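Listed below, chain by chain, are the residues.
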Amino acid sequence: MSGAARLPWVDSARGLALWAMFFFHFTWDLAHFGWIDRALVLSRDFHWLGHAIASSFLLLVGISLVLARRARGPLLRSRAFWRRWAMLVIAAGAISAISFWQFPRTPIFFGILHCIALASLIAAPLVEAPAWVALASGVVSLLAPTLLAGPFFDSKFFWWSGFGTFEPPSNDYQPLFPWLAFVLFGVALAKLPFAARTESAGVRGGRSLPKALAFFGRHSLAFYLVHQPLLFGAFSLLALFLVSPGQENLFVGQCAEQCFREAAQPDLCQSTCLCTVSRAKSAGYWPHLANNGLTEAEKSQAHDDIVACFGDVSRK
């Protein structure tokens, strides 16, 4: 939409959804790096929170398609629509490439951007139809996985559809169905009679909304692409200097397991590893030990500390 055609409340709503997503990913990163219990991000409540945030984004996509149609005419003949769509496709491809490199076991092969790109193509013609057509199509899309799911769609070739009998491993999986439904619901909502009457009121009322929300809403794609790399990079950098409780527990567990294979004394091994961590913290080389980045001098000191700890624990 052009600047004159933008609705501040739509930009602000999108900005609010972006910040909700930011804190969602911030929480995920906290768990990934061991600063909070990973059980939180694996919980059903957290799972549904992610779905709620994704639904709000897709609903706003549908609303924005209708507003863009009013501003520029038929979407499929609009250069701005195709330019935006090309940016989405390129961004989705970049995210997939990076995720296959960073998380080969749970790559993002069809996430929220992939879904928005394909759903926008499907929804664009329906913007020209009456609201009830988009609404009915949304209901069909919402029910489609329940009605059509089957083993035939378990092939990787069909994972994007959402018709499989299981959820593929991915850090962001938003298949076309049922998520297309929320884009179509947004189209239907924006085409209802009351929506047209409230559009002018939305321009006036939106001026009182926080400008920061509207700013981020106007640059949603850039925000989406930048926020997680910055968060993940910051946590990765922090891990070089500070060891999280989760990392410490993991280290102690691995240390005790290796000790047990060599000494076959589980109680002594656990105590020895805890003692080693304590000595490493006092000597200042604990972050290097936890991240497997010891210098030669630190390796020698760590060996001496392990031997000393084992001796102290054995004599008790």
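Our subject is the structure that appears above.
In this text, all values refer to a predicted model and were calculated from it rather than measured experimentally. (Residues numbered from 1 in each chain as written. Predicted model: local features only at pLDDT ≥ 70, side-chain atom pairs only at ≥ 80, totals over all residues. Heavy atoms only, no water.)

Put simply, helix α1 (residues 8-32) and helix α9 (residues 220-239) touch, their axes get as near as 10 Å, and they point 20° apart. With respect to α9, the element α1 is oriented roughly parallel. Where α1 crosses over α9, the two elements pack in a sense that is right-handed. Residues Arg14, Leu18, Trp19, Met21, Phe22, His25, Phe26, Trp28, Asp29, Leu30 and His32 of α1 touch α9, and the partners they reach there are Ser220, Phe223, Tyr224, His227, Gln228, Leu231, Phe232 and Phe235. (Axes fitted to C-alpha atoms, helices over the stretch in contact; angles between N-to-C directions. Helix = DSSP H or I, 4+ residues; strand = E, 2+ residues; numbered from the N terminus. Parallel < 35°, antiparallel > 145°, perpendicular 65-115°, else oblique. Left-handed = near helix turned anticlockwise from the far one by under 90°. Contact = heavy atoms within 4.5 Å.)

This structure, assessed with the given rule, holds 28 aromatic pairs. Between the aromatic rings of Trp19 and Phe23, the centroid separation amounts to 6.3 Å while the plane-to-plane angle is 40°, which identifies the pairing as tilted. Of this pair, Trp19 and Phe23 both sit in helix α1, separated by four residues, roughly a single helical turn. By relative accessible area, Trp19 is classed as partly exposed at 27%. Taken together through their ring pairs, the aromatic side chains of Trp19, Phe22, Phe23, Phe215, Phe216 and Phe223 make up a single cluster. (Phe/Tyr/Trp six-rings, centres within 6.5 Å; stacked < 30°, edge-to-face > 60°. Buried < 20%, exposed > 50% of the residue type's maximum accessible area, 1.4 Å probe, protein only.)

This next bit is on the state of the cysteines. What the rule picks out here adds up to three disulfides. Here Cys255 is linked by a disulfide to Cys273, with a sulfur-sulfur distance of 2.0 Å. Because the sign of the S-S torsion sets the handedness, a value of about -85° for the bond joining Cys255 and Cys273 places this disulfide among the left-handed ones. Taken together, the positions of Cys255 in helix α10 (residues 245-263) and Cys273 in helix α11 (residues 266-283) put the pair 18 residues apart, joining distant regions of the chain. Disulfide pairing places Cys259 opposite Cys269 at an S-S distance of 2.1 Å. Taking the torsion about the S-S bond as the criterion, the Cys259 to Cys269 disulfide, at about -75°, is left-handed. Placement of the pair is Cys259 in helix α10 and Cys269 in helix α11, with a sequence separation of ten residues. Across the pair, exposure class does not vary: Cys259 and Cys269 are buried alike. (Disulfide = S-S within 2.5 Å.)

Burial in helix α8 (residues 211-218) covers these residues: Leu213, Ala214 and Gly217. One side of α8 holds all its buried residues, which, seen down the axis, span an arc of 95°. Contact partners of the buried residues in α8: α1 and α9. (Arc of directions from axis to C-beta.)

Everything listed is a geometric property; what it means functionally is a separate question.
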